[in-house]
Amino acid sequence: MSTVDNRIGFVRGEFVSLRDAVIPVMDRGFLFGDGVYEVTAVIEGRLVDNDHHLQRLERSLAEIGIANPFSIEAWTEIETELMRRNELRNGLIYIQVSRGVAERAFQYAEGLEPTVVMFPQFSRVQSNPVIETGGRIITVPDLRWARRDIKSTSLLAQVMAKHAVKQAGVNEAWMLDGDEITEGASSTAFIVSASNELITRNLSQDILPGITRRTIIEIAKRHGLTIVERPFSKAEVLSATEAFYTSASTIAVPVIEMDGVSVGGGAPGPVFRSLYDAYLQDIMTQPAIIS
C-alpha cells in the first residue's frame, strides 16, 4: 500500500512523485486562489458519484471562464490510473484546476493554459467511528463570498471555520447567515422535522450544490420521504428529530449536539441510519475499478 511519502500525483500533464512535483510561483492558483477543485471518494476500489463530481467541476470552470482541459472520460482515465499507481482502494482523489501561469496582475489574458493538479489521499470514509456515536457541531458566521455555488480554491473562510472546530473540539461547523443555516464548513446540512420531512437548503448561489446531497435526496425519495428544500433556522435544528451533514469525504454524519445543546435526543436517528446504509449498499453494487 502506498503511503503519504511515496504518493504519485498528476501534475501539469505528468504522473510524478509528489515529493518532486513543482508548481510555478506565478501560477494564479497560488497567487490569487484563481481556480476550482473537486474531491471524489474512493470506496473499495470504486469512484463514488464520479460523473456528477466531474460535471460540477465543468460547471465551476465555466462559471469563472476557464476552459475544461479534459473530457469526463479523460478525467476518469487519469483518476483510474492514479488509483492503480497508488494502489488506492479507499480514500479520496483531489482535483485542482487553476487559470494558469502569468505575471501577477488581477486582470488576465485569455487562453492561458490551465494548471491541473491531482493526488490521492488515503482513508476509509465509510469507517468513521462518529457514524455510530454522532457528531457535535458549532455555528459560525458565514464569511464567504457571494458565489458559494462555485467550488473555488479560495477557502480562507472555511479554514477559519475549521480552525474554530478544532479549538472547540467538535466535528464540524455550520455557517449562519443571520439566523439561517447556509451549510457546513465542508458539508451540506440536513434536518428531519417532527412531521418526518427531510429538510435541506434549496440550491442557489448561497450554497455549493453538494454531490452527496444530491444522491442522499435521491435515496430519500426512494424511501418515500418528503423532501423540503428551503432555508431553516438554528432554532429549527435544535427542535428537529434528527440532523446530519453530508460530503464526499464523510458520506454522512449524524449530529447530536449544536453549540453545546443536544439535538435529536442526543443520538443518531433512524432516518440517518437508513439513508447512510442505503448509500453504501448502492455503492457496492457498482463494479470495482481495482480489486
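For the structure itself, look to the data block above.
First, a word on scope: everything that follows refers to the structure included in this document.

About the cut-offs
- Once a new chain begins, its residue numbering starts again from 1 and follows that chain's sequence as written.
- Per-residue local features of the predicted model are confined to residues with pLDDT of at least 70, and side-chain atom pairs are confined, for both listing and counting, to 80 or more; whole-chain, interface and lining totals are unaffected and use all residues.
- Side-chain measures were taken over the full set of non-hydrogen atoms in the model, leaving aside hydrogen atoms and water.
- Surface patches are defined over residues having more than 30% relative accessible area and no salt bridge, joining like charges when they lie within 9 Å and nonpolar side chains (Val, Leu, Ile, Met, Phe, Trp, Tyr) when within 5 Å.
- The Shrake-Rupley method, run with a 1.4 Å probe sphere, supplies the accessible areas, and residue values consider only the shown protein chains as cover.
- Here a salt bridge means any side-chain nitrogen of Lys or Arg lying within 4 Å of a carboxyl oxygen belonging to Asp or Glu.
- Numbering of helices and strands runs from the N terminus, with a helix taken as a DSSP run of H or I at least four residues long and a strand as a DSSP run of E at least two residues long.
- When accessible area is computed with a 1.4 Å probe and restricted to protein chains, residues below 20% of their type maximum are described as buried, those above 50% as exposed, and intermediate ones as partly exposed.
- Put simply, buried Ala, Val, Leu, Ile, Met, Phe, Trp, Tyr and Cys residues joined by side-chain atoms within 4.5 Å make one nonpolar core.
- Residue contacts follow a heavy-atom distance rule, with two residues in contact if any of their heavy atoms lie within 4.5 Å.
- Here a polar contact is taken to be a pair of N or O atoms separated by no more than 3.5 Å, where protein atoms must pair a possible hydrogen donor with a possible acceptor and residues adjacent in sequence count only if both atoms sit in side chains.
- When DSSP finds two or more bridges between a pair of strands, those strands are recorded as paired.
- An axis is simply a line fitted to the C-alpha atoms; with a helix, the fit covers only the stretch in contact. Between two such axes, the angle follows the N-to-C directions and lies from 0 to 180 degrees.

Time to look at a nonpolar patch on the surface. On the surface, a cluster of nonpolar side chains totalling about 420 Å² of accessible area is made up of L143, L156, V159 and M160. As for its placement among the helices and strands, M160 is situated in helix α5 (residues 156-168). Classification of M160 as partly exposed rests on a relative accessible area of 46%.

Counting 50 residues, the largest nonpolar core has W174, I181, F232, V237, F244, I251 and L275 as its most contacted members. Top contributing element to this core by residue count: helix α8 (residues 270-284), with eight residues. In this structure I251 touches I43, V125, Q126, T212, Y245, T246, Y276, Y279 and L280, once residues within four positions along its chain are discounted. V42, L54, W75 and I93 belong to the second-largest nonpolar core, a separate cluster that totals 21 residues.

The next subject is the side chain of R144. For R144, the position within the fold is in the loop between β7 (135-141) and α5. Note on R144: relative accessible area 13%, which makes it buried. Among the polar contacts listed, one links the side chain of R144 to the side chain of D142, at a separation of 2.7 Å. Of note is the side chain of R144, whose polar atom sits 2.7 Å from the side chain of E183. Apart from residues lying up to four places away in sequence, R144 is in contact with A157, Q158, M175, T182, E183 and D206.

Now for the sheet that holds strand β6 (residues 115-122). With antiparallel pairing, the six strands of this open sheet are ordered in space as β2-β1-β6-β5-β3-β4. The outermost strands of the open sheet, each flanked by one partner alone, are β2 (14-17) and β4 (46-47). Here two bridges tie strand β1 (residues 8-11) to β6, and the two strands are oriented antiparallel to one another. Along β6, the bridge assignment pairs F10 with M118. Against the sheet, helix α2 (residues 50-63) touches β3 (35-43), β4 and β5 (91-98), its axis set at about 175° to β3. Sheet strands in contact with helix α3 (residues 72-86) are β1, β2, β3, β4, β5 and β6, and its direction is about 40° off that of β6.

Remember that the coordinates give geometry; whether it matters functionally is a separate question.
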